[in-house]
Number of protein chains: 4
Amino acid sequence: MLKKKIRVTVWNEFRHEKSDAAVKKIYPDGIHAVIAAHLNKQEGIIAGTAVLDQPEHGLTRETLTGTDVLTWWGHIAHSEVSDEIVNRVQERVLEGMGLIILHSGHHSKIFKRLMGTTCNLRWREANEKERLWNVEPGHPVTDGLGDYFELPHEEMYGERFDIPNPDKLVFISWFEGGEVFRSGCCYERGHGRIFYFQPGHETYPIYYDTNVMQVITNAVRWAAPRIIKKIETPNSPPIENLPSPA
Amino acid sequence: MLKKKIRVTVWNEFRHEKSDAAVKKIYPDGIHAVIAAHLNKQEGIIAGTAVLDQPEHGLTRETLTGTDVLTWWGHIAHSEVSDEIVNRVQERVLEGMGLIILHSGHHSKIFKRLMGTTCNLRWREANEKERLWNVEPGHPVTDGLGDYFELPHEEMYGERFDIPNPDKLVFISWFEGGEVFRSGCCYERGHGRIFYFQPGHETYPIYYDTNVMQVITNAVRWAAPRIIKKIETPNSPPIENLPSPA
Amino acid sequence: MLKKKIRVTVWNEFRHEKSDAAVKKIYPDGIHAVIAAHLNKQEGIIAGTAVLDQPEHGLTRETLTGTDVLTWWGHIAHSEVSDEIVNRVQERVLEGMGLIILHSGHHSKIFKRLMGTTCNLRWREANEKERLWNVEPGHPVTDGLGDYFELPHEEMYGERFDIPNPDKLVFISWFEGGEVFRSGCCYERGHGRIFYFQPGHETYPIYYDTNVMQVITNAVRWAAPRIIKKIETPNSPPIENLPSPA
Amino acid sequence: MLKKKIRVTVWNEFRHEKSDAAVKKIYPDGIHAVIAAHLNKQEGIIAGTAVLDQPEHGLTRETLTGTDVLTWWGHIAHSEVSDEIVNRVQERVLEGMGLIILHSGHHSKIFKRLMGTTCNLRWREANEKERLWNVEPGHPVTDGLGDYFELPHEEMYGERFDIPNPDKLVFISWFEGGEVFRSGCCYERGHGRIFYFQPGHETYPIYYDTNVMQVITNAVRWAAPRIIKKIETPNSPPIENLPSPA
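Residues numbered from 1 in each chain as written. Chains lettered and ligands numbered in written order. Predicted model: local features only at pLDDT ≥ 70, side-chain atom pairs only at ≥ 80, totals over all residues.

J.: In this structure, what is going on with the relation of the copies chain A and chain B? I would like to understand it.
T.: For the pair of chain copies, the relating transformation is a rotation about an axis with a translation along it. Each copy of the sequence occupies a distinct position, and chain A is placed on chain B by a rotation of 180 degrees and an axial shift of 0.0 Å, giving an RMSD of 0.0 Å. Those values place the two copies in the arrangement expected of a two-fold rotation axis. Minimal C-alpha distance to the rotation axis in chain A is attained by Gly116 of chain A, lying at 2.7 Å. An overlap of 100% is found between the interface residues of chain A and their copies at the interface of chain B, pointing to a shared contact surface. (Least-squares fit on C-alpha atoms with pLDDT ≥ 70 in both. Contact = placed C-beta atoms within 7 Å.)

J.: Would you mind going over the interface of chain A and chain B with me for this structure?
T.: Often, the extent of an interface is quoted as the loss of accessible area upon association of its parts. In this complex, chain A contributes 42 residues to the contact, which on the side of chain B involves 42 residues. At the level of elements, α6 (109-115), β5 (122-134), β6 (148-158) and β8 (180-189) of chain A are the ones that each hand at least two residues to the side of chain A that touches chain B. Per-element accounting of the side of chain A that touches chain B gives the leading share, six residues, to β5 of chain A. Partitioned by chemical class, the residues of the side of chain A that touches chain B number 17 nonpolar, 14 polar and eleven charged. (Helix = DSSP H or I, 4+ residues; strand = E, 2+ residues; numbered from the N terminus. Nonpolar A, V, L, I, M, F, W, Y, C, P; charged D, E, K, R; others polar.)

J.: Explanation requested: the sheet that holds strand β8 (residues 180-189) of chain B in the structure shown.
T.: Note: strands within a sheet are paired through backbone hydrogen bonds, in either parallel or antiparallel orientation. Residues and elements named next belong to chain B. Read from one edge to the other, the open sheet built from nine strands follows the order β2-β1-β3-β4-β9-β8-β7-β5-β6, with strand pairing classed as mixed. At either margin of the open sheet sits one strand with a lone partner, and together these are β2 (45-51) and β6 (148-158). Here the average twist between neighbouring strands, direction ignored, is 25 degrees. Summarising the sheet, strand β4 (residues 98-102) and strand β9 (residues 192-197) pair through four bridges and their orientation is parallel. Counterpart to Ile100 in the pairing with β9 is Phe195. Helix-sheet contacts for helix α3 (residues 31-40) involve β1 (6-12), β2 and β3 (69-73), and the interaxial angle to β2 is about 170 degrees. Strands in contact with helix α7 (residues 210-223) are β1, β2, β3, β4, β6 and β9; relative to β9, the strand with the most contacts, it is inclined by about 165 degrees. (Pairing = 2+ DSSP bridges. Axes fitted to C-alpha atoms, helices over the stretch in contact; angles between N-to-C directions.)

J.: It is not clear to me how the relation of the copies chain B and chain D should be interpreted in this structure. Could you clarify?
T.: When chain B is fitted onto chain D, the two copies agree to an RMSD of 0.0 Å after a turn of 180 degrees and an axial shift of 0.0 Å. When the interface residues of chain B are mapped onto chain D, 100% of them again fall at the interface, so both copies present the same face.

J.: Can you help me understand the nonpolar core in this one?
T.: One broad rule of soluble globular proteins: the nonpolar side chains tend to lie buried together. Ranked by size, the top nonpolar core spans 150 residues in total, and within it Ile100 and Val220 of chain A together with Ile100 and Val220 of chain D carry the most contacts. Setting aside its immediate chain neighbours within four residues, Val220 of chain A contacts Ile6, Val8, Leu39, Ile45, Val69 and Ile100 of chain A. (Core = buried A, V, L, I, M, F, W, Y, C linked by C-beta atoms within 7 Å. Buried ≥ 20, exposed ≤ 12 C-beta atoms within 10 Å, placed from the backbone.)

J.: Please explain the pairing of strand β8 (residues 180-189) of chain D as it appears in this structure.
T.: All names here are of chain D. Of all ten residues that make up β8, nine are buried, and the element is covered over most of its length. With antiparallel pairing between neighbouring strands as the criterion, strand β7 (residues 168-175) and β8 make up a hairpin whose turn holds four residues, including Gly178 at a positive phi of roughly 115 degrees. As consecutive antiparallel partners, β8 and strand β9 (residues 192-197) are separated by two residues, and within that stretch Gly190 has a phi angle of approximately 60 degrees, a positive value.

J.: Which parts of the structure should I look at to understand the sheet that holds strand β6 (residues 148-158) of chain D?
T.: All names here are of chain D. Spatially, nine strands are ordered β2-β1-β3-β4-β9-β8-β7-β5-β6 in an open sheet, and the strand pairing comes out mixed. At either end of the open sheet lies a strand with only one pairing partner, and these are β2 (45-51) and β6. The average angle at which neighbouring strand axes cross in this sheet is 25 degrees, direction not considered. Where β7 lies against β8, six bridges are found, and the strand directions are antiparallel. Residue pairing in the sheet places Phe171 in a bridge with Gly184 of β8. The strands touched by helix α3 (residues 31-40) within the sheet are β1 (6-12), β2 and β3 (69-73), with β2 carrying the most contacts at an inclination of about 170 degrees. Together, β3, β4 (98-102), β8 and β9 form the strand contacts of helix α5 (residues 83-95), whose direction differs from that of β9 by roughly 115 degrees.

J.: Help me out: how do you make sense of the environment of Tyr207 of chain A in this one?
T.: Here Tyr207 of chain A lies in the loop between β9 (192-197) and α7 (210-223). Judged by local crowding, Tyr207 of chain A falls into the buried class, with 23 C-beta atoms found within 10 Å.

J.: Honestly, the environment of Val170 of chain A in this entry has me stumped. Any pointers?
T.: Residues and elements named next belong to chain A. Here Val170 lies in strand β7 (residues 168-175). Val170 gets classed as buried once you count the C-beta atoms within 10 Å, which come to 27. Once the C-alpha coordinates of Val170 and Leu121 are considered, the two residues, 49 residues apart in sequence, prove to be 18 Å apart. Those residues in contact with Val170 that lie beyond four places of it in its chain are Val135, Glu136, His139, Val141, Thr142, Gly184 and Cys186.

J.: Where do I start with α7 of chain A in this structure?
T.: Turn by turn, an α-helix covers 3.6 residues, leaving residues three or four places apart pointing in a common direction. Residue and element names in this part refer to chain A. For α7, built from 14 residues, the straight-helix expectation of 20 Å at 1.5 Å per residue is met to within 8% by its first-to-last C-alpha distance of 20 Å. Listing the buried residues of α7 in full gives Val212, Val215, Ile216, Thr217, Asn218, Ala219, Val220, Trp222 and Ala223. Looking at the buried side of α7, the elements it contacts are β1 (6-12), α3 (31-40), β2 (45-51), β3 (69-73), β4 (98-102) and β9. (Expected span 1.5 Å × (residues − 1).)

J.: Quick question: what am I supposed to make of unusual backbone geometry here?
T.: Excluding glycine, residues mostly have negative phi values, and the peptide bonds linking residues are mostly trans. Residue Arg160 of chain A is reached from Glu159 of chain A by a cis peptide bond, and omega for that bond is 5 degrees. Structurally, Arg160 of chain A can be placed in the loop between β6 and β7. The residue Cys119 of chain A is not glycine, and still its phi comes out positive at about 60 degrees. Within the fold, Cys119 of chain A resides in the loop between α6 and β5. One non-glycine residue, Glu56 of chain B, adopts positive backbone phi at about 55 degrees. Summarising the element assignment, Glu56 of chain B is placed in the loop between β2 and α4 (61-65). Owing to 15 C-beta atoms within 10 Å, Glu56 of chain B belongs among the partly exposed residues under this scheme.

J.: Would you mind going over the environment of Val135 of chain D with me for this structure?
T.: Residue position: Val135 of chain D is located in the loop between β5 (122-134) and β6. C-alpha separation for the pair Val135 of chain D and Glu176 of chain D, spaced 41 residues apart in sequence, amounts to 19 Å. If sequence neighbours within four positions are ignored, Val135 of chain D has contacts with Glu159 and Arg160 of chain A together with Leu169, Val170, Phe171 and Ile172 of chain D.

J.: Explanation requested: α5 of chain D in the structure shown.
T.: Residues and elements named next belong to chain D. With 13 residues, α5 should reach 18 Å at 1.5 Å per residue; the first-to-last C-alpha distance of 18 Å fits that figure. All buried positions along α5 are accounted for by Val86, Val89, Gln90, Arg92, Val93 and Leu94. Where the residues of α5 are buried, they touch α4 (61-65), β3, β4, α6 (109-115), β8 and β9.

Take a look at the structure:
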């Protein structure tokens, strides 16, 4: 039995990498290039990329129709993403496409749209250590991970994170400076699956980390759709045996 | 100890009651007038009203600041509600205000905004019987209700209802024609509580029903805020003992 | 890449089929034989059986170690299942084995043990029609199912069903006589997945129904473990840099 | 309108306080005495106590009938609690009584019974600092608390905590040594509400802490029952208009 590959589109704002030398050094071709290259080495996954400054932000109807799972990294230019494209992505997620929101994507229009909340959080840039605890070792997203893994330097994201109660919370992070964070959150909306994953500040080589990339790969597999289907408002057929109005 | 009254604003589109003689007969002063009159008879509750055609839809900043719980009925004019007012109501809910969405309000901008989904459903107008089963007899919203209650004639709303998994599902409805519906759904978003309650088609005297009004009264008490607080994005203070970057 | 088959053990009380001629006519070799035969025709699944009157109820340590997913049908002899075997099954589920509870298994010791509640419900035997609504069309358990499917005659199981809030509710049933029921409920406990599925009264040929068997097959695939791992109480290593007691 | 007081029974194993001089110094009359004294100073609450070595562990049918909320502290003698009393408490919780499980009560028979899981966790005694983050500032259990509060010395309890997904997670703890913990967890089972709260190692004066006692007081109010009702298995009345069997 041939199984179809999961088609991923890796979306990136792609601005820091052009304007900030330190970021450019880590990600010379952009964060998206590193993530897509990694995914393309995984069995059963094929990944392309799209960036903010392309026409339609690279997310044409054709591209989305050919996408099973979309990953999203944005930070300084959330407001430049057009509402039309946000509508289009939301519609596609509700029809079944998977969506993986990375790091500062918590404040993207599309994540706030799907969550219905501010998605605000506490933060600090202090090169501190993060330890991500795996609270669901039996979940597909944590496949192959141990009890926890560490990132030697990350931006701190802390509670309270203003999100709906996750359908499944899979990682809780500990930060050296005294904060905690729900850093891996699974949601189901419409027919689609959404995963928020906190690591990925642009000034650290987070997307070269083996554990981080294992989680993203797992999340792609978990979020791949079983159906893609419009969500309608059917008027049920009349029924013959109902009483007349009083 | 004097306890402050819960301040309710009963919002109504108030269009059917003007244009449709059958509806006008049931609700000569509008659905809002009937709901508010009922609530004003309850201990510890004080209710006012607001309608679509007032300036700012009757939902000025002053009104919302003075509102603990907002109830919402709309149907044919969802698109006339301005996005600015929707933003304002959403912000207030996330800060802690309670929100009770009635019947066809499932397609209101504010409910779709807070849920992040289409909120689509199946429907039929056939004067059929609805039976609402109480699946959470210990929950504040079902206080005083029995195992189930019936409405002799209602519009059918059926599954699949495209909503996020409710934080608590309190009613499931049976319809004579063969459908079921999650007709009482509790959510928590930001610091606010939201209750969706299905009964209330404008051509039936639903808001004169004792059980329906008991549920709405209970929901008002359940959704009344414990805190009202802006949701911010604090930059945590720097910490002295963290390592230098590598 | 060769993928291992999912090893299923189909457990049955196997009493009605011996003592009741009508049941024997439908299931001459027992309910378990019909379910296992169906599963053995599915790609990637291999199924064996076990019954109450075998030594250790057919659930030896060896059998459980070789079982990825256990399905359970019981009714009149729940009390004859030994507590020792219930402990053993519970331990294995928490370590990661999938468990599918069928119909009257809602009152089995193992289901009540894992839920922590009475699992009581409303019931009636009246040959009535059941319609199962698919409320999660994107979920693996409903793969290939339509908006709903029907069983022409089933025992009515109705709300309130005394269970914890399901982690995911996938089916809600409508019964001709006026009741509703949460008839497909997903849970995660320890590292294991549990699915409760209501159809299966012994006097109707429910386990020959195409849709019912599709759901059970889907549930087997969904509940198959990703890890099997003891759940321990580790004493974390001492840390050097902590303060002395005050 | 006179509102009835919430009747609390504070249960304690009461063994450490007799055998361990350091614990006796902190709690000369037992942990239960300190908790009950605090609750008795709160408006609308009246608290009594019960301990393991009383007949029926102090939890006679009369006592439980007169109890709205039971708090539970145990550690070294969980196995001495009789199964009969555990059954009785479980039955009462499912009928509506509130239950607050403190600290090492995570391994009590009653908590494991109601959760269905091992309730295992990671631990370390190292006098380390704990910081409890309030992730639900709008929830009744966190009423009056700030963004977080600290305990200068506590036993570390860490993830993975083997519990069902909480119905509402209200506190997440940070520990100095590098662990995190879901330290405030709300559940609803049957008609009853259950709150697990992690602080309370016997060698520290935790139950004299203002914030800890505020949380316990809030939890008592949140868990107080709205109804107390047996959970039955009703055979629904026959219905006349159903078809004959095929």
